[in-house]
Amino acid sequence: MTIQKMKETTFNPATITDWEQAAIKTLKNKPFESLSTKTLEDIILKPLYTLADLTNIPSNQTSIIRDSKISSDWLIAQAVTGNTSKEILEDLKESISKGNEIIFYTVDTQHSWEGSELEELKLLFKEHTVLLDVTSNPSFLHNFTDLNGMIKGADGKEKDFPNARTYFLDASTVHKQGGDAISELASVLVQADTFVASIDIDKLSEKAFVQFSVDTNFFMEIAKLRAFRILWKAFGEAHGILDIDPIPIHSETSLRSFSALDSNVNILRVGNSALSAVLGGSDSITTYPHDYLTGAKSTSKRIARNMQLVLKEETHINRVLDASGGSYYIEKLTHELVEKSWAYFLELMSEDTLNERNQKLKERAEAKWNQQIENLSTRKKSLIGTNVYANPDDSLENPIKPTDYLRLAEPFELLRKAFLQNSLKTAIIPYGILKEYKARMDFVSGFLIAIGISPLIAPENLKPFDLQQWIDEQNIDYVVFVGNDEQTTGLVPALLNEKLSVPIDVAGKFEEYEDWLEVGLFGRIYAGQSLLEKGNELLALAKQEVSHENA
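In this report, the structure presented in the accompanying data block is examined. (Residues numbered from 1 in each chain as written. Predicted model: local features only at pLDDT ≥ 70, side-chain atom pairs only at ≥ 80, totals over all residues. Heavy atoms only, no water.)

Scanning the protein chain for helices and strands turns up 19 helices and 16 strands. Summarising its shape, the C-alpha atoms of the protein chain cover approximately 85 × 80 × 60 Å along the three principal directions. The burial tally for the protein chain puts 50% of its 551 residues in the buried class. Each charge class in the protein chain can be summarised by its mean position, and for the 57 positive and 80 negative side chains these summaries are 4 Å apart. (Helix = DSSP H or I, 4+ residues; strand = E, 2+ residues; numbered from the N terminus. Buried < 20%, exposed > 50% of the residue type's maximum accessible area, 1.4 Å probe, protein only. Lys, Arg positive; Asp, Glu negative; His and termini not counted. Charge placed at Lys NZ, Arg CZ, Asp CG, Glu CD.)

This part covers helix H10 (residues 265-280). Between the first and last C-alpha of H10 there are 23 Å, a value that for 16 residues agrees with the 22 Å anticipated at 1.5 Å per step. Along H10, the residues classified as buried are Val 265, Asn 266, Arg 269, Val 270, Ser 273, Ala 274, Ser 276, Ala 277, Val 278, Leu 279 and Gly 280. In this fold, the buried residues of H10 make contact with strand S9 (208-214), helix H9 (218-238), strand S10 (249-253), strand S11 (284-286) and helix H11 (298-315). Where H10 terminates, the next one or two residues include Gly 281, which has phi positive at roughly 100°. (Expected span 1.5 Å × (residues − 1). Contact = heavy atoms within 4.5 Å.)

We note that Tyr 389 has phi near 50°; this positive angle belongs to a residue other than glycine. The residue Tyr 389 is located in the loop between helix H13 (354-377) and helix H14 (410-421) in this model. Among the residues examined, Tyr 389 registers a relative accessible area of 68% and is labelled exposed. Look at Asn 461: it is not a glycine, yet its phi comes out positive at around 60°. As for its position among the elements, Asn 461 is in the loop between strand S13 (456-457) and helix H16 (464-474).

Moving on, we come to the packing of helix H12 (residues 328-349) against H13. Between H12 and H13, the least distance of the axes is 9 Å, while the angle of their chain directions is 130°. On the basis of the axis angle, H12 is oblique to H13. Of the residues in H13, those touching H12 at Tyr 344, Glu 347, Leu 348 and Met 349 are Arg 357, Lys 360, Leu 361 and Arg 364. Among the residues forming the contact of H12 with H13, the class breakdown is four nonpolar, no polar and four charged. (Axes fitted to C-alpha atoms, helices over the stretch in contact; angles between N-to-C directions. Parallel < 35°, antiparallel > 145°, perpendicular 65-115°, else oblique. Nonpolar A, V, L, I, M, F, W, Y, C, P; charged D, E, K, R; others polar.)

Moving on to the sheet that holds strand S7 (residues 164-165). Overall, parallel pairing links the four strands, which are arranged S4-S5-S6-S7 in an open sheet. The open sheet has two edge strands, strand S4 (102-106) and S7, and neither has a second partner. Two elements, strand S5 (residues 129-133) and strand S6 (residues 149-152), share four bridges in a ladder whose sense is parallel. The partner of Val 130 across the bridge, within S6, is Gly 149. (Pairing = 2+ DSSP bridges.)

What follows concerns the packing of aromatic side chains. Under the counting rule described, the total for this entry stands at 20 aromatic pairs. Summarising the aromatic geometry, the rings of Trp 342 and Phe 345 are spaced 5.2 Å apart at their centres and angled 55° between planes, so their arrangement reads as tilted. Here Trp 342 pairs with Phe 345, and both are found in helix H12, just three residues apart, close to one helical turn. Between Phe 443 and Phe 447, the ring centres sit 6.0 Å apart and the planes meet at 50°, which makes this aromatic pair tilted. Of this pair, Phe 443 and Phe 447 both sit in helix H15 (residues 434-451), separated by four residues, roughly a single helical turn. Under the relative-accessibility criterion, Phe 447 is labelled buried at 1%. Of note, Arg 524 hangs over the ring of Tyr 513, and the distance from its end group to the ring centre comes to 4.0 Å. (Phe/Tyr/Trp six-rings, centres within 6.5 Å; stacked < 30°, edge-to-face > 60°. Lys NZ or Arg CZ within 6 Å of the ring centre and 35° of its normal.)

This part is about the sheet that holds S9. Sheet architecture is open: five strands sit in the order S3-S11-S10-S9-S8, paired in parallel fashion. In this open sheet, the two strands that pair with only one neighbour each are strand S3 (75-76) and strand S8 (167-170). Its contacts with the sheet place H9 against S8, S9 and S10, and it is angled at close to 160° to S9. Contacting S9, S10 and S11, H10 runs over the sheet at an angle of about 165° to S10.

Okay, the pairing of strand S12 (residues 426-430) next. Among the five residues of S12, five are classified as buried, and the element is accordingly described as predominantly covered. Burial along S12 is two-sided: the face carrying Thr 426, Ile 428 and Pro 430 and the face carrying Ala 427 and Ile 429 are both buried. One ladder, built from five bridges, connects S12 with strand S14 (residues 478-482); its direction is parallel. When the bridges of S14 are listed, Ala 427 appears paired with Val 479. Strand direction decides the pairing type here: S12 and S13, joined by two bridges, are parallel. Counterpart to Ile 428 in the pairing with S13 is Ile 457. The parallel pair S12 and S13 is bridged by H15, and the resulting crossover is right-handed. (Right-handed = clockwise from strand over helix to strand, strands pointing away.)

This part is about empty space enclosed by the protein. All told, the structure shown has one cavity of 30 Å³ or more when counted by the stated rule. The space that makes up the largest cavity amounts to roughly 90 Å³. Forming the walls of the largest cavity are 13 residues, and the residues nearest its centre are Ser 72, Val 278, Gly 281, Val 320 and Asp 322. Broken down by class, the residue content of the lining of the largest cavity amounts to seven nonpolar, three polar and three charged. (1 Å grid on protein atoms, 1.4 Å probe; cavity = no way out; pocket = protein on both sides within 12 Å on 5 of 7 lines; lining within 4 Å. Points joined across faces, edges and corners; volume = space filled by probe spheres on them.)

Here we take up helix H4 (residues 85-97). The terminal C-alpha atoms of H4, which comprises 13 residues, lie 18 Å apart, in line with the 18 Å expected from a rise of 1.5 Å per residue. Along H4, the positions that sit buried rather than exposed are Ser 85, Ile 88, Leu 89, Asp 91, Leu 92 and Ser 95. The buried residues of H4 occupy one face: seen down the axis, they fall within an arc of 165°. Facing away from the buried side of H4, by more than 90 degrees, are the exposed residues Lys 86 and Ser 97. As for H4, its buried residues are in contact with S4, helix H5 (115-127) and H11. Phi for Gly 99, located one or two positions after H4, is positive at around 120°. (Arc of directions from axis to C-beta.)

A word on a nonpolar patch on the surface. Residues Ile 16, Trp 19, Leu 35 and Leu 48 make up a contiguous nonpolar surface patch of roughly 290 Å² in combined accessible area. Within the secondary structure layout, Trp 19 lies in helix H2 (residues 16-26). (Patch = residues over 30% accessible without salt bridge, like charges linked within 9 Å, V, L, I, M, F, W, Y side chains within 5 Å. Areas by Shrake-Rupley, 256 points an atom, 1.4 Å probe, with all protein chains shown as cover. Salt bridge = Lys/Arg side-chain N within 4 Å of Asp/Glu carboxyl O.)

On to the layout of surface pockets, then. By volume, the largest pocket amounts to about 1,400 Å³. In terms of lining residues, the largest pocket is bounded by 49 residues, among which Phe 104, Thr 106, Asp 133, Tyr 288 and Tyr 292 are the most central. Looking at the lining of the largest pocket, the elements with two or more residues in it are H4, S4, S8, helix H6 (172-176) and H11. Here the lining of the largest pocket is built from residues that sort into 16 nonpolar, 21 polar and 12 charged. By volume, the second largest pocket is sized at about 710 Å³. Lining the second largest pocket we find 34 residues, and of these Asp 215, Thr 216, Asn 217, Gln 372 and Lys 381 sit closest to its centre. When residues of the lining of the second largest pocket are assigned to their parent elements, the largest contribution, five residues, is made by H9.

Everything listed here is a matter of coordinates, which is why it stays silent on function.
Encoded structure:
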């Protein structure tokens, strides 16, 4: 083909219908709807977004978000830690010298500041922006005449600190209780409305700041932060302020998805959350060290801080204002969050008292948390290193630091610790040809390891007498039969008839299951089963809290 003919060649415009038909061909009899997923917020995510999805979205949505950002950059706000005032000062000065831009200090009642060390701290607070949390010790503020930055727990002392924002809007608390993005956004609006009942809304916009916890649900977290800026403007308009001043957004990477199991994966989780916090438009960000749960070390603190430095220096994303703006997917998701969050806010405000509103938020958060645990337990959602691809050699000997976050991994950590104390020596007994049962055997092995049991693999195709002898030699407490469908239906009844000395589970779901239970089968392991329910059932067996004729 000549260049001229190539230039003259045209293609028929592709339509969404064409794409859907092409997609259906690849689904192998699955419905097209299977490509869509439902989020925790009850938002349906489509497999493809087009310009048509922006039809009902206000044309100024993107401009509202961008106009509310003072800068495309953000400030690094790593938390200062230490057990004594000397350690805190050392950590503070080192972090600033290594790229930290905000002094983030949570005042502990056990921290004692006196003399020269307090004077040094005062000097550092004068030279740098601060994010100060005095919730547990408000009297600490008596040491300062003014601060530049944001103060949690200041009870709105705007007169005492004219250069600091002292009204704290907290989206993190609902998140920590298990809430979804809609709960978080609506809770902030409820808090803002409560403040407006006692102070002028202009004063609130001048002196308030908001904090979000950003989890690993990448696009939802971006949309959540962007949605807040739209909702804040709508909140101002509802109170008669057409151009309300934007307030700073501080984000911290969520500990909800942190696990003490395979903790290096937390590095990926933090990096994911940090990037979504940036793309969502945070004004300052705190990233937690990956080993935070078992005691952060200097190296892990450096890695956490450097994540933000790398994002700034290597990607140059701090030079782009609202880089995610204009994406059909993100704009649509932002709009849906705005609509659903505002509707839920109005629903909350229909309650008579603040306590009733908070109770309703708490109940929703609890329901959403249970939904997340169920999805994780049945493996509809993955937590790498915890419910899938678990490493049996992971140690849980070190104490896990308590946090105010509900953590998805915690039930699995507790179960694995329990099996360390209550051993259940388990074997997989395979029958048939390897290639026919291997997939099922690997599933069972991964299932058991995720709850804290590392199974042995018995020699394949053992006859009942030889199997019983092997069980006795290896001191086995419990076995799982693995084979293809034909082998299972044919051999499980025969094995049950032999009355082995240990409980037997079968791998897979079979029509004959109830009949097998009647003749001595203990249970089964199958895809979609709750890891936690089965794990607690086997833990009861290990503790000899349940009786079984083969046990």
